[in-house]
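Summary of structural features
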Amino acid sequence: MKYTVNEKGFYGKFGGAYIPEMLYPNVEELRQNYTSIINEPSFQTEFAKLLKDYVGRPTPLYFAQRLSEAYKAKIYLKREDLCHTGAHKINNTIGQILLARRMGKKKIIAETGAGQHGVATATVCALMGMDCTVYMGQLDMDRQRPNVERMRILGAQVVPARSGNMTLKDATNEAMRHWINNPSDTHYIIGSVVGPHPYPDMVTRFQSVISEEIKAQLQEAEGNPFPDYVVACVGGGSNAAGAYYHFLEDEHVNLVGVEAAGKGVDSGESAATTALGKTGVLHGSKTLLMQTEDGQVIEPYSISAGLDYPGIGPLHAHLFDTQRVQFVSATDDDAMQAGIELSRTEGIIPAIESAHAVAALKQLAVDPDDVVVINLSGRGDKDLETYIRWGKY
Amino acid sequence: MSRLKQLFQDKKNNILSVFYTAGFPKLNDTVEIARHLQSGGADIIEIGIPFSDPVADGPTIQASNKVALDNGMTVKLLLEQVKEIRKDVNIPIVLMGYLNPVLQYGFEKFCKEAAANGVDGLILPDMPLDEFNEHKDLTSSLGLDVIFLVSPTTSAERINMIDGLSSGFVYAVSSSSTTGAKKGFTADQEQYFQKLKSANLKNPFLIGFGISDHATFSKASEYGSGAIVGSAFINLLQESSNFGKDISQFVESLKSKS
Ligand SMILES: Cc1ncc(COP(=O)(O)O)c(C=O)c1O
């Protein structure tokens, strides 16, 4: 098992739990309990039932006829955009809230960038009747007004993070501070495969339902569970981790990660971590990180708030390091064009994060027989403002 | 014997360690502040290495980190400033900071230069104990004391492990919180201090986080060997127009009842 976490929480040289002592008991409590709770049959039954009846799983694996003709390959879209609340994020929040309840926690906190994870967290808190506080950068609150109001309608308290550049990184800092200050009754639902061990592994497991379904659905559609390519966008990397998980050990499946190049990888305004990052420590794990020579974290940029993060999860740093995953990037313009293209060819308006994955089609050297699965992580409703501002449609 | 060990041998209580952020409020204030702390009567100087993402810090220290980085503060410059400070400051100097800037500088290079320039101890709160095990031989051969934190939620077993790995002193965080000046201690906090006092640690311990005045300082000193003050001092620096006068008054006001 080359790509699973070891007992110390490392994927190769990445991962671990780089946290101040004040967080240790919380993280340690989680580490000691997460596998046994997740493996309990009653947990699995409850998780599976909610994914089916509440989230709407399995999500379709849709054969995209016209897109396939355009790119001369067999292209399937994994429709995470059809999940309740509009993105894959809810797979993880359902899992974590069930875990938090079993650990006797009363309150939930979360960070959010685009607001998708915040909405998914506020949703499951409403479902379970739990108190919910979501930290969101002040700048993101201004950019993503509708999601702020969705969270409030769902009963969550949205707290602006006003430190740093007031985006996702700063919201994560604030959520960690809140957890330090409220150690006993609170669970922190991290929204991606980032943070101290066991978060990257735990979130990967909750998202792994994506590749589990892809396998079964491809078996049915193609008579073969293995695609030639799986393509996913990578912010922190949770939808990608879920889409890759059950293919990681099958080296003949090409895995492709698409990062946000913003205004261009070398423009100084990008979030292409594997291209620009070096090994460093942020938010509790050792991973690839965009940083200055002096070890200060660089503020990333992407048109898509969900990809606007200066690091990637440690699993992805390891997959990059071992070359198991091929990382490419798409600029703002590439992604916006791909979003419009998908809207026009298939009638699906994707989230701008997911549009980055679609944009990578142009960079793949595919044969007509190749089966390509694109993980369509979310829908574009939340991004209408951005589409309108971009304007070229 | 290291300066820290000597201090704790000579002085058993009311040890005052003062924390401030390097490069704050002005880039080169680091040196002058250290001199005033020594002449004002502080026992240990703790200098913070600024970081872009100080997750364990409250608003005061966060803001000082941002100002310092905007001023252009770097690890390299801090090591030079320490060398300058050492020309006329003899009390122990401890550097405290998040791990990432140290890793980028190079852990070994950082430790060697820090020791050569007169640093006595290091506090890296987000360095895992396991990771430190790999560096232990290096720091001890350089005579650098490495200080770890314990908090009210740290188990007795883990306290022993942390005490075993620490040298110089153990940093007892007074409450489950981020840094920040507070008024007074609760009964629960005092119970936790008593637990530490009765634990017979191999190291002395200093209490930090929430120490802001004579009352909290002297209460902390009843249990530990003394205390660490940070945010309250940063607030003072922020407002001070005369470091010499204000710093000695501040140290005096903590140590004795006004
Ligand atoms: C639709 C969608 N896709 C992708 C992401 C990026 O997150 P991750 O890389 O963890 O999947 C987000 C984050 O907000 C999102 O909303």
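See the structure above.
How each quantity is defined
Residues numbered from 1 in each chain as written. Chains lettered and ligands numbered in written order. Predicted model: local features only at pLDDT ≥ 70, side-chain atom pairs only at ≥ 80, totals over all residues. Heavy atoms only, no water. Pairing = 2+ DSSP bridges. Helix = DSSP H or I, 4+ residues; strand = E, 2+ residues; numbered from the N terminus. Axes fitted to C-alpha atoms, helices over the stretch in contact; angles between N-to-C directions. Contact = heavy atoms within 4.5 Å. 1 Å grid on protein atoms, 1.4 Å probe; cavity = no way out; pocket = protein on both sides within 12 Å on 5 of 7 lines; lining within 4 Å. Points joined across faces, edges and corners; volume = space filled by probe spheres on them. Nonpolar A, V, L, I, M, F, W, Y, C, P; charged D, E, K, R; others polar. Buried area = accessible area lost by both parts, 1.4 Å probe. Salt bridge = Lys/Arg side-chain N within 4 Å of Asp/Glu carboxyl O. Near = heavy atom within 4 Å. Polar contact = N/O pair within 3.5 Å; in protein donor to acceptor, adjacent residues only side chain to side chain. Areas by Shrake-Rupley, 256 points an atom, 1.4 Å probe, with all protein chains shown as cover. Sits in = over half its atoms within 2 Å of the grid points. Phe/Tyr/Trp six-rings, centres within 6.5 Å; stacked < 30°, edge-to-face > 60°. Buried < 20%, exposed > 50% of the residue type's maximum accessible area, 1.4 Å probe, protein only. Lys NZ or Arg CZ within 6 Å of the ring centre and 35° of its normal.

Okay, the sheet that holds strand β8 (residues 186-189) of chain A next. All names here are of chain A. With parallel pairing, the four strands of this open sheet are ordered in space as β7-β6-β5-β8. Taken across any chain shown, the strands that pair with only one partner, and hence form the sheet edges, are β7 (157-161) and β8. Each adjacent strand pair in this sheet contributes to an overall mean axis angle of 25 degrees, direction not counted. As paired elements, strand β5 (residues 107-112) and strand β6 (residues 131-137) share six bridges and run parallel to each other. Residue Lys107 lies in a different strand from β6, and its bridge partner there is Asp131. Together, β5 and β8 form the strand contacts of helix α4 (residues 89-102), whose direction differs from that of β8 by roughly 165 degrees.

So, about the sheet that holds strand β8 (residues 205-208) of chain B. All names here are of chain B. Strand order in this open sheet of nine strands is β5-β4-β3-β2-β1-β9-β8-β7-β6, and the pairing throughout is parallel. Because the sheet does not close on itself, it has two edges, and the strands there are β5 (145-146) and β6 (149-150). Against the sheet, helix α4 (residues 75-86) engages β1 (15-21), β2 (44-49) and β3 (93-97), with an angle of about 165 degrees to β3.

Let us now look at empty space enclosed by the protein. In this approach the atoms are scanned with a rolling probe the size of a water molecule, which exposes any empty space left behind. Residue and element names in this part refer to chain A. What the rule picks out here adds up to five cavities of 30 Å³ or more. One number sums up the size of the largest cavity: a volume of about 360 Å³. As for the largest cavity, its lining consists of 30 residues, of which His88, Lys89, Gly191, Gly306 and Leu307 are closest to the centre. Among the secondary structure elements, those contributing two or more residues to the lining of the largest cavity are β5, α5 (116-128), α8 (168-181), α11 (238-244) and α15 (352-359). Class assignment for the residues of the lining of the largest cavity results in eight nonpolar, 18 polar and four charged.

Turning our attention to the interface of chain B and chain A. Listed as interface residues are 35 residues of chain B and, on the opposing side, 32 residues of chain A. Taking both partners together, chain B and chain A bury about 2600 Å²; carbon and sulfur atoms supply 52% of that area. Sorting the residues of chain B by area buried against chain A places Asp53, Val55 and Gln104 of chain B first, and these three jointly supply 22% of that buried surface. Between the two partners, chain B and chain A, sit four salt bridges. Measuring nitrogen to oxygen at the nearest pair gives 3.4 Å for the salt bridge that ties Lys286 of chain A to Glu131 of chain B.

A separate point is the layout of surface pockets. In this structure, the largest pocket encloses a volume near 710 Å³. Lining the largest pocket are 32 residues, and of these Ala17 and Tyr24 of chain A together with Pro128, Leu129 and Asp130 of chain B lie nearest its centre. Of all the elements in the fold, those that place two or more residues in the lining of the largest pocket are α1 (24-39) of chain A together with α7 (129-133) and α9 (156-165) of chain B. When its residues are assigned to classes, the lining of the largest pocket shows 19 nonpolar, three polar and ten charged.

It is worth spelling out the site of the ligand at this point. Residue and element names in this part refer to chain A. Around the ligand sit 18 residues in total, of which Ser192, Gly235, Gly237, Ser238 and Ser377 are the nearest. Contact between the ligand and Gly235: an oxygen atom at 2.7 Å from a main-chain N or O atom of the residue. Contact between the ligand and Gly236: an oxygen atom at 3.2 Å from a main-chain N or O atom of the residue. Burial of the ligand by the surrounding chains reaches 97%, relative to a free accessible area of 390 Å². Placement of the ligand is best described as lying within the largest cavity. A per-class count over the shell around the ligand returns five nonpolar, eleven polar and two charged.

Across all of its chains, the model carries 19 aromatic pairs over all chains by this definition. A ring pair is formed by Trp179 of chain A and Tyr199 of chain A, whose centres lie 6.3 Å apart and whose planes are at 70 degrees; its orientation type is edge-to-face. Placement of the pair is Trp179 of chain A in helix α8 and Tyr199 of chain A in helix α9 (residues 199-207), with a sequence separation of 20 residues. The buried category is assigned to Trp179 of chain A, whose relative accessible area is 3%. A relative accessible area of 0% places Tyr199 of chain A in the buried class. Taken together, Phe185, Tyr192, Phe193 and Tyr223 of chain B form an aromatic cluster joined through their ring pairs. Note that Lys263 of chain A overlies the ring of Tyr301 of chain A, its terminal NZ or CZ placed 5.0 Å from the centroid. Sitting over the ring of Tyr105 of chain B, Lys109 of chain B keeps its end group 4.2 Å from the ring centre.

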